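# Notes for the structure review
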Amino acid sequence: MGSMRLLAAVLALLVSTVTPAHADPRIVGGVVVDDAEEAPWMVALTTPQGHQFCGGALVGPHEVATAAHCVHGRLPGSIVAVGGRLDLRTGGGSTSLVAAFRLVEGYTAPSSGKDIAVLTLSEPMPYRPLPIAASTAYMGGSVGAVYGWGRQAEHDTNKSPLLHKAHLPIVPDEQCAATYPQFDAGSMFCAGYPGGEIDACTDDSGGPFVIDGRLAGIVSWGTGCARPNMPGVYTRVATYLR
Ligand code: ARG
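Residues numbered from 1 in each chain as written. Predicted model: local features only at pLDDT ≥ 70, side-chain atom pairs only at ≥ 80, totals over all residues. Heavy atoms only, no water.

This part takes up the overall build of the protein chain. Broken down by element type, the protein chain carries three helices and 13 strands. Here the protein chain, with 242 residues, has 48% of them falling under the buried criterion. Expressed as a percentage of contacts within the protein chain between residues at least 6 apart in sequence, the contacts between residues at least 24 apart total 68%. Of the roughly 10,900 Å² of accessible surface on the protein chain, 58% is carried by carbon and sulfur atoms. (Helix = DSSP H or I, 4+ residues; strand = E, 2+ residues; numbered from the N terminus. Buried < 20%, exposed > 50% of the residue type's maximum accessible area, 1.4 Å probe, protein only. Contact = heavy atoms within 4.5 Å. Areas by Shrake-Rupley, 256 points an atom, 1.4 Å probe, with all protein chains shown as cover.)

Here it is in structure tokens:
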């Protein structure tokens, strides 16, 4: 069972390395997550009306890690966290209002770093939280998975109500710095393929980038979505949480 999974993962990796092309229309170029056990810690952030605007990950029974830009300027009580629900059209799982959130002092905008927030939920959620990655997890070429309910293409306003994910390799810091002048390796890392095609996109913000079952990144910013040589930029979570 374990070795079959490993084999499947290795095959998937090989296939995606060789042909990141043929975009399946989810996240951008990803696949639907249909096993709730795979991402029990995944959280959707919605308005009280149920409009999903960001992702997040449970990091404790009533703590959710997300992007600062997802919550900055909103009132905590106007954010609803939804856990245990892969298909947002359903009423499954559990919901909680956000009681409060913490930002990193001095946060201004995603491209200036510090794009992380920890939300405190009014009600704890009964799902397994995601442990935090070590600061050594950010090796160029390491593959992680990003999860979200965001756009399926840069210019697509359709979103899937189904959680989707995509596997992406970490881009070496020097390479990302050459792409984005604002890149700061202390607070960010990049992930993506040179040819683009697979990426996070609008409304995936705040969602987790998971390496070896640990929270390594948070969807933060990028130029467009899935463009060639324009990787996605993620918050370097190990700088802020442990
Ligand atoms: N800022 C976007 C959001 O609010 C996410 C950007 C991620 N972009 C990317 N190309 N990876 O949802």
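Right, let's get into the sheet that holds strand β7 (residues 117-121). The strand order β2-β3-β4-β7-β6-β5 describes a closed barrel built from six strands, whose pairing is antiparallel. Shown here is a sheet whose adjacent strand axes are inclined to one another by a mean of 40°, direction ignored. Note that strand β4 (residues 63-66) and β7 share four bridges and pair antiparallel. Residue pairing for β7: A65 is matched across the bridge by V118. (Pairing = 2+ DSSP bridges. Axes fitted to C-alpha atoms, helices over the stretch in contact; angles between N-to-C directions.)

Under the counting rule described, the total for this entry stands at six salt bridges. The shortest N-O distance in the salt bridge between R102 and E63 comes to 3.6 Å. Placement of the pair is R102 in strand β6 (residues 94-103) and E63 in strand β4, with a sequence separation of 39 residues. Of the charged contacts in the structure, one is a salt bridge between R227 and E154, with a shortest N-O distance of 2.6 Å. Residue R227 is located in the loop between β12 (214-221) and β13 (232-236), and its partner E154 is located in the loop between β8 (143-148) and β9 (164-171); the two are separated by 73 residues in the primary sequence. (Salt bridge = Lys/Arg side-chain N within 4 Å of Asp/Glu carboxyl O.)

What follows covers the state of the cysteines. A complete count under the given rule lists three disulfides for this structure. Between C54 and C70 runs a disulfide, and the two sulfur atoms are separated by 2.0 Å. Disulfide C54-C70: torsion about the S-S bond near -85°, hence left-handed. Of this pair, C54 sits in strand β3 (residues 52-60) while C70 sits in helix α2 (residues 68-71), and the two are 16 residues apart along the sequence. Classification of C54 by relative accessible area gives buried; the value is 4%. Paired by a disulfide, C201 and C225 hold their sulfur atoms 2.0 Å apart. Taking the torsion about the sulfur-sulfur bond, which here is approximately 80°, the covalent link between C201 and C225 counts as right-handed. Of this pair, C201 sits in the loop between β10 (188-191) and β11 (208-211) while C225 sits in the loop between β12 and β13, placing them 24 residues apart in sequence. Note on accessibility: C201 and C225 belong to one class, buried. (Disulfide = S-S within 2.5 Å.)

Before going further, it helps to examine the site of the ligand. Contacts to the ligand come from 14 residues, most closely from H69, D199, D203, S205 and G224. Between the ligand and S205, the relevant distance is 2.5 Å, taken from an oxygen atom to a side-chain nitrogen or oxygen of the residue. When the ligand is considered free in solution it has 340 Å² of accessible area, and contact with the protein chains removes 85% of it. The site holding the ligand turns out to be the second largest pocket. At three residues, the largest contribution of residues to the shell around the ligand is made by β12. Of the residues assigned to the shell around the ligand, the class counts are five nonpolar, six polar and three charged. (Near = heavy atom within 4 Å. Polar contact = N/O pair within 3.5 Å; in protein donor to acceptor, adjacent residues only side chain to side chain. 1 Å grid on protein atoms, 1.4 Å probe; cavity = no way out; pocket = protein on both sides within 12 Å on 5 of 7 lines; lining within 4 Å. Sits in = over half its atoms within 2 Å of the grid points. Nonpolar A, V, L, I, M, F, W, Y, C, P; charged D, E, K, R; others polar.)

In terms of nonpolar packing, the biggest core is built from 57 residues, with W41, L45, Y138, V146, Y147, F209 and Y234 touching the most fellow members. Of all hydrophobic cores here, the second largest spans eight residues; its members include C176, Y180, W221 and V233. (Core = buried A, V, L, I, M, F, W, Y, C linked by side-chain atoms within 4.5 Å.)

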